[in-house]
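# Breakdown of the fold
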2 protein chains.
Amino acid sequence: MTDQPEPHPVTGLDDVVHQRVRLGILTVAHQARRVEFGFLRTALGLTAGNLSQHLSVLEKAGLIDIEKGYEGKRARTWLSLTPSGDRALKDEVTQLKRLIQQIEQGGS
Amino acid sequence: MTDQPEPHPVTGLDDVVHQRVRLGILTVAHQARRVEFGFLRTALGLTAGNLSQHLSVLEKAGLIDIEKGYEGKRARTWLSLTPSGDRALKDEVTQLKRLIQQIEQGGS
């Protein structure tokens, strides 16, 4: 242990992506390519308000596209990952793997 | 895709542990067993105030022990993982691995 340690893997994580609910949203969107609001809400066990807030953060960061339309007569909202969102999720996975490796190498 | 999807891996993550800075604190403590406040602050690139706030959350949750004392004439604060903290970090890693597996299996 020195007085000037190397930057820790968590310093490479982006809070916009790493936050638990947003990481879930990005993961589901990555798997489904295009995901409906109500499905996502149920999958992640969220209120509509909470989900909307997180979607807004992700949209402002350019990580998802939001599309509004109709399925029959029902208003629907769909979202999909942008190329930036896909890269951001992959970067998160890269950093998480580094972190897991450190955890599993160190300590008992 | 059904109307009643299975609970998503992120629903099994604990925000107390998953939050980026706290995950860093727990990881460093896991690696070092007993870690000094100033070292941790430098390693994670935090202000003293920000680090103190996160340590307080972790201590209240019973995940770390905080010990105050002296090194020579200098006041020092050390922290170490409790057995609960160690288990919580291992649970986080288990959930993260499930999540990474889902991300790498789904999508492009």
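Further up the page is the structure itself.
First things first, this report covers the structure right here in the doc. Computed from a predicted structure; not experimentally measured. Every chain's residues receive numbers from 1 upward, in the order its sequence appears when written. Chains and ligands are labelled sequentially in the order written, the chains with letters from A and the ligands with numbers from 1. The predicted nature of this model means local features are confined to residues of pLDDT at least 70 and side-chain atom pairs, given and counted, to a pLDDT of 80 or more, with totals for whole chains, interfaces and linings taken over all residues. Excluding hydrogens and water, the side-chain figures rest on all heavy atoms present in the structure.

### A word on the overall build of chain A
Under the convention used in this document: Numbering of helices and strands runs from the N terminus, with a helix taken as a DSSP run of H or I at least four residues long and a strand as a DSSP run of E at least two residues long. The globule rule is 2.2 Å times the number of residues to the power 0.38, and the radius of gyration it is compared with is taken over C-alpha atoms. Classification of residues uses two cut-offs on accessible area relative to the type maximum, computed with a 1.4 Å probe and protein chains only: under 20% is buried, over 50% is exposed, and between them is partly exposed.
Summing up its helical and strand segments, chain A has five helices and three strands in all. Starting at the N terminus and ending at the C terminus, chain A contains elements arranged as α-α-β-α-α-β-β-α. For 108 residues, the compact-globule estimate of 2.2 N^0.38 gives 13 Å, and chain A exceeds it by more than 25% at 17 Å. Counting only residues that meet the buried cut, chain A has 47% of its 108 residues in that class.

### Let's talk about the pairing of strand 3 (residues 74–81) of chain A
Residues and elements named next belong to chain A. Basically, it comes down to this: At least two DSSP bridges between two strands are needed for those strands to be called paired.
In this structure, strand 1 (residues 35–36) lies alongside strand 3, joined through two bridges in antiparallel fashion. Bridge pairing in strand 3 links glutamate 36 to tryptophan 78. Pairing between strand 2 (residues 64–71) and strand 3: eight bridges, direction antiparallel. Looking across to strand 3, one finds that lysine 68 is bridged to threonine 77. Between strand 2 and the antiparallel strand that follows it, strand 3, lie two residues; glycine 72 among them carries a positive phi value of about 65 degrees.

### Brief notes about the interface of chain B and chain A
The accessible area lost on association of the parts is a frequent measure of interface size. Heads up, the condition is: Only heavy atoms enter the contact rule, under which two residues are in contact if any of them lie within 4.5 Å. Once two parts are joined, some of their accessible surface, as seen by a 1.4 Å probe, is lost; buried area is that loss totalled over both. Definition used for salt bridges: Asp or Glu carboxyl oxygen within 4 Å of a side-chain nitrogen of Lys or Arg. Two N or O atoms count as a polar contact when they lie within 3.5 Å, although within protein this holds only if one can serve as hydrogen donor and the other as acceptor, and sequence-adjacent residues are included solely when both atoms are side-chain atoms. When residues are sorted by character, Ala, Val, Leu, Ile, Met, Phe, Trp, Tyr, Cys and Pro go into the nonpolar class, Asp, Glu, Lys and Arg into the charged class, and all the rest, Gly among them, into the polar class.
Across the contact, 41 residues belong to chain B and 41 residues belong to chain A. In total, about 3600 Å² of surface goes out of reach between chain B and chain A, with carbon and sulfur atoms giving 66% of it. The interface formed by chain B and chain A includes four salt bridges. Note that lysine 97 of chain A is salt-bridged to glutamate 104 of chain B, the shortest N-O span being 2.6 Å. For the pair chain B and chain A, the interface holds 13 residue pairs in polar contact (both at pLDDT 80 or more). Of all elements in the fold, only helix 1 (15–18), helix 2 (20–32), helix 3 (37–44) and helix 5 (83–105) of chain B reach the threshold of two or more residues within the side of chain B that touches chain A. At eleven residues, the largest contribution of residues to the side of chain B that touches chain A is made by helix 5 of chain B. For the side of chain B that touches chain A, the residue count by class is 17 nonpolar, 15 polar and nine charged.

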